[in-house]
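Summary of structural features
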Amino acid sequence: GLPYQLLTDADGTVREAYQVGRTLGLFPGRVTYVIDKEGSVRAAVNDPLRAGVHVREALAALQDQRTV
């Protein structure tokens, strides 16, 4: 029921395409991209170690794009 699409990158294909590295050299990196309807990246959130902060920053980026 979200007003936007989400992408889950289970096999890491998109992570590789966007050149997202590994966290601490061990874990797949976590970056959330906000991409507009034209396909332009409007925001990128990269806080792999603090999940709560990452979620808040990603939601704030989405809200900012709704006002544009």
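Located above this text is the structure these notes cover.
An account of the accompanying structure is given in this report. (Residues numbered from 1 in each chain as written. Predicted model: local features only at pLDDT ≥ 70, side-chain atom pairs only at ≥ 80, totals over all residues. Heavy atoms only, no water.)

1. A look at the overall build of the protein
A count of helices and strands for the protein gives 2 helices and 4 strands. The order of α-helices and β-strands along the protein, N terminus first, is α-β-β-β-β-α. Projecting the C-alpha coordinates of the protein onto the three principal axes gives extents of approximately 35 × 25 × 20 Å. Per-residue burial for the protein yields a buried fraction of 19% across its 68 residues. (Helix = DSSP H or I, 4+ residues; strand = E, 2+ residues; numbered from the N terminus. Buried < 20%, exposed > 50% of the residue type's maximum accessible area, 1.4 Å probe, protein only.)

2. Quick word on the side chain of aspartate 47
Tracing the chain through its elements places aspartate 47 in the loop between β4 (41–45) and α2 (51–66). By relative accessible area, aspartate 47 is classed as buried at 9%.

3. Things to note about the pattern of salt bridges
Applying the stated criterion across every chain, the model contains 2 salt bridges. Aspartate 36 serves as the salt-bridge partner of arginine 42, at 3.9 Å between the closest nitrogen and oxygen. (Salt bridge = Lys/Arg side-chain N within 4 Å of Asp/Glu carboxyl O.)

4. Looking at the packing of aromatic side chains
Scanning all chains against the criterion turns up 1 aromatic pair. Between tyrosine 18 and tyrosine 33, the ring centres sit 4.7 Å apart and the planes meet at 35°, which makes this aromatic pair tilted. Linking tyrosine 18 in the loop between α1 (13–17) and β1 (22–23) with tyrosine 33 in strand β3 (residues 32–35), this pair joins segments that are 15 residues apart in sequence. (Phe/Tyr/Trp six-rings, centres within 6.5 Å; stacked < 30°, edge-to-face > 60°.)

5. So, the pairing of β4
Direction of pairing for β3 relative to β4: antiparallel, over a ladder of 4 bridges. Among the inter-strand pairings, threonine 32 is bridged to a residue of β4, identified as valine 45. Hairpin remark: β3 followed by β4, antiparallel, with 5 residues in the connecting loop; positive phi at glycine 39, about 95°. (Pairing = 2+ DSSP bridges.)

6. Section: the environment of alanine 43
Structurally, the position occupied by alanine 43 is in strand β4. For alanine 43 and leucine 7, which are 36 residues apart along the polypeptide, the C-alpha to C-alpha distance reads 15 Å. Those residues in contact with alanine 43 that sit more than four places away from it in its chain are Thr32, Tyr33, Val34 and Ala61. (Contact = heavy atoms within 4.5 Å.)

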